[in-house]
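Now for the letters of each chain:
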Amino acid sequence: VPIQDGKLRGRVRLAGGKGQVTLQIDEAHIDELPEGLPAFITAEGDWDGRALRLKSNVRFGDKGTPIIITSSLPLTPNNGGLPVPNLNGQSESRIQYDGNISELFALAGKTDQTLDGASRIDLKIGGAFAGAPYITGKINVSGGTYRHLIQGTYITDITASSEIIDNKQIKLVLSGH
């Protein structure tokens, strides 16, 4: 991810095939994000010689609601004792967000459109790095409002409920006025 500027602090401690990591990125201006929407990221984790277990908070803007990411990533020590990805090991991450969908919609950079409403996101993503990944989970929006300022579209009382099942099916129920 190309970062134009920002503040980075971190610490990695490795000893005896184990370790800890902390990372903090403040006011990161990322190429893919709309101007004026900096990213703030904190991450802490422990490596036990088999997997890095990491908990991260990501938010966009000064007062954004955090996206919480909890991960277990397969890392094993190389000959020098440094952690390297185990391409056949199983990874799993959980992504959770409980806030206004407008904060995430702003990431799309659609200045002529708005989407507002309460949302709850709970996704699991995993699998082997060298194999087929999977994704399961739910995305829900309630009390939503969508506006397309150029087209004049205005939809209120949006309720969306979706569930991703076994990486192959998406169940979606959508209503609005």
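Structure shown above.
Residues numbered from 1 in each chain as written. Predicted model: local features only at pLDDT ≥ 70, side-chain atom pairs only at ≥ 80, totals over all residues. Heavy atoms only, no water.

So, the overall build of the protein chain
Then step 1. Helix and strand counts for the protein chain come out as one helix and 11 strands.
Then step 2. Secondary structure of the protein chain in N-to-C order comes out as β-β-β-β-β-β-β-α-β-β-β-β.
Then step 3. Along the first, second and third principal axes, the C-alpha set of the protein chain runs to 60 × 40 × 20 Å.
Then step 4. Counting over 177 residues, the protein chain shows a buried share of 29%.
Then step 5. Within the protein chain, residue pairs in contact and separated by at least 24 positions form 38% of the contacts whose partners lie at least 6 positions apart.
Then step 6. A total accessible area of about 11100 Å² is found for the protein chain, and carbon and sulfur atoms account for 53% of it.
Then step 7. On the protein chain, the mean spot of the 18 positive side-chain charges and the mean spot of the 19 negative ones are 8 Å from each other. (Helix = DSSP H or I, 4+ residues; strand = E, 2+ residues; numbered from the N terminus. Buried < 20%, exposed > 50% of the residue type's maximum accessible area, 1.4 Å probe, protein only. Contact = heavy atoms within 4.5 Å. Areas by Shrake-Rupley, 256 points an atom, 1.4 Å probe, with all protein chains shown as cover. Lys, Arg positive; Asp, Glu negative; His and termini not counted. Charge placed at Lys NZ, Arg CZ, Asp CG, Glu CD.)

Some points on the nonpolar core
Then step 1. One finds Ala39, Phe60, Ile67 and Leu104 to be the most contacted residues of the largest nonpolar core, which totals 20 residues.
Then step 2. Where this core is concerned, the elements lending two or more residues are β2 (18-30), β4 (51-60), α1 (101-105), β8 (113-128), β9 (134-148) and β10 (153-165). (Core = buried A, V, L, I, M, F, W, Y, C linked by side-chain atoms within 4.5 Å.)

What about the pairing of strand β5 (residues 67-77)?
Then step 1. Strand direction decides the pairing type here: β4 and β5, joined by eight bridges, are antiparallel. When the sheet's bridge partners are listed, Lys55 is paired in β5 with Thr70.
Then step 2. Examined bridge by bridge, β5 and strand β7 (residues 90-100) share five bridges and lie antiparallel to one another. Bridge assignment links Thr70 to a residue of β7, and that residue is Arg94.
Then step 3. Of the pairings in the sheet, the one linking β5 to strand β6 (residues 83-85) comprises three bridges and is antiparallel in character. In the strand pairing of β6, Thr76 is matched with Val84.
Then step 4. Taking the residues that link successive antiparallel strands as the turn, the β5-β6 hairpin has five residues, and the phi of Gly81 there is positive, at about 85 degrees. (Pairing = 2+ DSSP bridges.)

So, the packing of aromatic side chains
Then step 1. Applying the stated criterion to the full structure yields zero aromatic pairs.
Then step 2. Above the plane of the ring of Phe40 lies Arg59, whose end atom (NZ or CZ) is 4.4 Å from the centre. (Phe/Tyr/Trp six-rings, centres within 6.5 Å; stacked < 30°, edge-to-face > 60°. Lys NZ or Arg CZ within 6 Å of the ring centre and 35° of its normal.)

A closer look at the side chain of Thr145
Then step 1. Along the chain, Thr145 turns up in strand β9.
Then step 2. In this structure Thr145 touches Thr114, Leu115, Asp116, Tyr154, Ile155, Thr156 and Ile158, once residues within four positions along its chain are discounted.

With respect to the environment of Ala15
Then step 1. Within the fold, Ala15 resides in strand β1 (residues 3-15).
Then step 2. A relative accessible area of 58% places Ala15 in the exposed class.
Then step 3. A C-alpha to C-alpha distance of 9.3 Å links Ala15 and Leu82, two positions 67 residues apart in sequence.

Digging into the environment of Pro133
Then step 1. Tracing the chain through its elements places Pro133 in the loop between β8 and β9.
Then step 2. Classification of Pro133 by relative accessible area gives exposed; the value is 52%.
Then step 3. Separated by 56 residues in sequence, Pro133 and Pro77 place their C-alpha atoms 23 Å apart.
Then step 4. Not counting chain neighbours up to four residues away, the residues in contact with Pro133 comprise Gly126 and Asn167.

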